[in-house]
Amino acid sequence: MKYVDEYRDPELIKATAREITALVEKSGRLFRIMEVCGGHTHSIYRFGLEQLLPPAIELIHGPGCPVCILPMERVDEGMAIAADKRVILTAYGDMMRVPGHQGSALQLKARGLDIRMVYSPLDALKLAQINPEREVVFFAIGFETTAPATALTVLKARELGLTNFTAFVNHVTVIPPMRAVLDDPKLQLDGFIGPGHVATVIGASSYEEIVRDYKKPVIVSGFEPLDIMQSILMLLRQLSAGEARLENQYSRVVPFAANPVASQVLAEVFELRDSFEWRGLGSIANSAVKLREAFSQYDAEVRFAHLLAAYHRQFELSSGPSTAAHEAPCGDVLKGLMKPKSCPFFGKECSPENPVGALMVSSEGACAAYYNYARDKQTVITNGN
Amino acid sequence: MCLAIPGKIESFVDAEERMAVADISGVKRQVSVDLLRREDETLKVGDWVLIHVGFAMSKISESQAKEQLEILTMLGEAQKAMEEIQDLEVC
Amino acid sequence: MVTEPFRDTRIELSHGSGGLASRRLLEGLIVPHLANSQFNAGALTDAAILPIESGHLAFTADSFVVQPLRFAGGSIGSLSVHGTVNDLAVSGARPLALLSTFILEAGLPAVVLEAELSAMAAACSAAGVNIVGGDTKVVEHGKADGMYVTTCGIGVLEANVKLSPARVQVGDKVLLSGPIGDHGITVLLARGELDIEAELASDSRSVWPMVQALLAVCAAEVRWMRDPTRGGVASSLNELAQDAKLCVTLREKDIPVRDCVRGACEVLGLDVLHVANEGQFLAVVAASAAEQALSAVRAVPGGEAAALIGEVESGPAGRLRVFTEHGSSRVVEMLVGEQLPRIC
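In this report, the structure presented in the accompanying data block is examined. (Residues numbered from 1 in each chain as written. Chains lettered and ligands numbered in written order. Predicted model: local features only at pLDDT ≥ 70, side-chain atom pairs only at ≥ 80, totals over all residues. Heavy atoms only, no water.)

1. Considering helix H1 (residues 20-34) of chain C
Residue and element names in this part refer to chain C. Stated precisely, the cut-off is as follows: Strands here mean DSSP runs of E at least two residues long; helices mean DSSP runs of H or I at least four residues long; both are numbered from the N terminus. Here the expected length of a helix is defined as 1.5 Å per residue gap, with one fewer gap than residues. Axes are fitted to the seven residues ending at a residue and to the seven starting at it; the angle between these axes is taken as the bend at that residue. Categorising residues by exposure relies on relative accessible area from a 1.4 Å probe, with only protein chains included: less than 20% of the type maximum marks a residue as buried, more than 50% marks it as exposed, and the intermediate range marks it as partly exposed. For this analysis, residues touch if any pair of their heavy atoms sits within 4.5 Å.
For H1, which comprises 15 residues, the first-to-last C-alpha distance of 20 Å matches the rise-based estimate of 21 Å (1.5 Å per residue) to within 8%. Of all the bends in H1, the largest measures some 35° and sits at Leu26. Residues of H1 that are buried include every one of Ala21, Ser22, Leu25, Glu27, Gly28, Leu29, Ile30, Val31 and Leu34, and no others. On its buried face, H1 is in contact with strand E4 (93-105), helix H3 (110-127) and strand E5 (130-139).

2. A closer look at the pattern of salt bridges
Basically, it comes down to this: Every case where a carboxyl oxygen of Asp or Glu lies within 4 Å of a side-chain nitrogen of Lys or Arg is listed as a salt bridge.
Tallying each qualifying case throughout the model produces 46 salt bridges over all chains. Of the charged contacts, one joins Arg74 of chain A and Glu77 of chain A as a salt bridge, the two residues approaching to 3.3 Å between their closest N and O atoms. Taken together, the residues span about one helical turn, with Arg74 of chain A and Glu77 of chain A both in helix H3 (residues 72-82) at a distance of three residues. As far as the burial class goes, Arg74 of chain A and Glu77 of chain A line up, both buried. A salt bridge links Arg251 of chain C to Asp254 of chain C; the nearest nitrogen and oxygen atoms lie 2.5 Å apart. You can call Arg251 of chain C buried: its relative accessible area is 16%.

3. Some thoughts on the environment of Val31 of chain C
All names here are of chain C. One can find Val31 in helix H1. When its relative accessible area of 2% is taken as the criterion, Val31 is described as buried. Spatially, the C-alpha atom of Val31 lies 32 Å from that of Asp182, the residues being 151 residues apart in sequence.

4. A short note on the packing of helix H6 (residues 147-160) of chain A against helix H11 (residues 260-269) of chain A
Any two packed helices are characterised by the angle at which their axes cross and by the distance between the axes. Residues and elements named next belong to chain A. Cut-off, in case you're wondering: To get an axis, a line is fitted to the C-alpha atoms, and for a helix only the part in contact is used. The angle between two axes follows their N-to-C directions and goes from 0 to 180 degrees. Crossings are assigned a handedness: left-handed for a near helix turned anticlockwise from the far helix by less than a right angle, right-handed for a clockwise turn. Under the scheme applied, nonpolar residues are Ala, Val, Leu, Ile, Met, Phe, Trp, Tyr, Cys and Pro; charged residues are Asp, Glu, Lys and Arg; polar residues are all the others, including Gly.
Between H6 and H11, the least distance of the axes is 9 Å, while the angle of their chain directions is 65°. Two packed elements cross with a definite hand, and for H6 against H11 that hand is left-handed. Where H6 approaches H11, its residues Ala147, Pro148, Ala151, Leu152, Val154, Leu155 and Arg158 are matched on the opposing element by Ala262, Val265, Leu266, Glu268 and Val269. For the contact of H6 with H11, the class distribution of residues is 10 nonpolar, no polar and two charged.

Here's what the structure looks like:
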């Protein structure tokens, strides 16, 4: 596969690893690096990259997984909408297994709700066109990478004059949680591997404020093994030289400036929410978006306000368990204050089959990635040939 | 956070060239190229784009990709040269 | 026996009632398609009578529920024959005969059933096995997804075959018969939900010819076999690792995967090791016989892409580990729940 296989070249990966090791040995210090994005976490485990790094480098798996950080109430709200017989709820495959208080989308689908998996919001729109008698709701999740797709789909719904398509918007933004993590006084962090795909929308330049305000280097990074290894090397070089700059390792894909079309459609369709609840991190100001009032006819929160209100009344009556019930350690893992395997729930009550905490839900979550790919502490072994 | 994958634009679906068929290693899917419709660049059949949830997010720059790989290849070669020098010294 | 052709256009509840309509369906549609010398075709009896050879019998059953019913490279009918034939094959047994049971949804077009019967007949003839009996029930419309098929199979164990996880030893090699993921990806794409197309067909086929060739050259050295259907290679080998209390290690670069299957897995965020197969098998073979085993499987038409993909190590016990070309490894777990495409 072009633009994939080149970045999995074993010899180049090994050469980069050797360079990293040499640099770490020369510096004689520890490096604490956060990869913000769950996609990076996934790649690191899938390709066993941690095993190629010297122990003096600690990778901290950050809050960049839109599924993991979604509070249970939002899942419940989606399911409350899906309970309406007229509704076809559409969602990305990632959302299907995320547990709400009543069960996951997959479980509720098995119990008879019409919930369908889609690859793209455009597919949800198509369902609305071919099912004019039904209400098609798209359960929108994701950072700025995914938000333009939802925005363009809403615009297309308007263009087509569709009246039976709405979006349940849970889009979040990437900079506020990075700030939330950095604002924790307990946190010791040397620098960031910056999310690359989100930067195709917001531009590499968006991370400049992190570099400026916190004096931490950020390397905007691709997702193939060689991309991540090169980004770590670039970060170490800066740190060794006492620098804190923004660099773009992923320049084949990521421009410095924001994508103007995406910026324009995001601004047209969405506005910031005052605050949004992040599972594991708590409430963060200006960290999520909702549809503007001009698009309220495409807003599932408006169209199904009665269902959401009924859900909340019922939820409060039924003792309203705090979402923080068993989530306390998740925030610590998210901020790198605790390793997944140090959590008392890890691998016991909490596993990918029965996730208790947010980070076990998606295969991108730090705990699930750790559980799936690296449960045995092991030394690097040659691959036998 | 976001799974995106390189694909090659194979054809345009509509007259306005807002939807295209992308080929990803023999797998084909219609993608929206709305985000890449800009005055300063035109998308052509044969271009490589990064695809996420059915949308082309970015045009992949061949020259930047080449440059990156060259840097890394040089790194490997420099290491090899160093090793050879060390080997000579040992002998 | 009446041999009046079945003229009803749709399956009705009465076709499963056991009365005249049932008999018309059986004699007019099912028997003509599946008839063979062992079918006791002259008189439809309550049981098939088979001659017994000496040795050991293998006996298995599998149910098939698949949507859509037809997809590139196969359909529920051919799948129901291959699935059971393959279960027998990887038990080291030569398939002898099948029983097939249908659960039909009222309203199913008769042509759909007929197409599946004909697919079953073709699969049987290619696999060298006969359907010797079965049963048909009809449920109300809306109570089933078109049709479900259950097949039971009986086979005779080949000489010198002794398969068990307990026989697997450190140093044994893992053989895979061909490229993986074709079936699972084909069916996923055929459902149409993802609107993704690929030039790809299910690998649904009988693996018996390959297994037979393997056993012919080194029956005593084959320790374990499995067809990696749902849950994929990862689930089969995890089960082996747990049952044998050993570690199975694979070399990623040696695992055959077609380009478009890889592409689809990258697009959808799937691990190909979790994707279902319906025409492949895994075998653990003593190291001394591994090359011979590989040549034997490769010599069978359809077995050309077979490969030795890994080996058995002592620990960590119960784990499947996959080594990358750059020298690191990851643990691959069994598939949890249904395999879902992801966007993040």
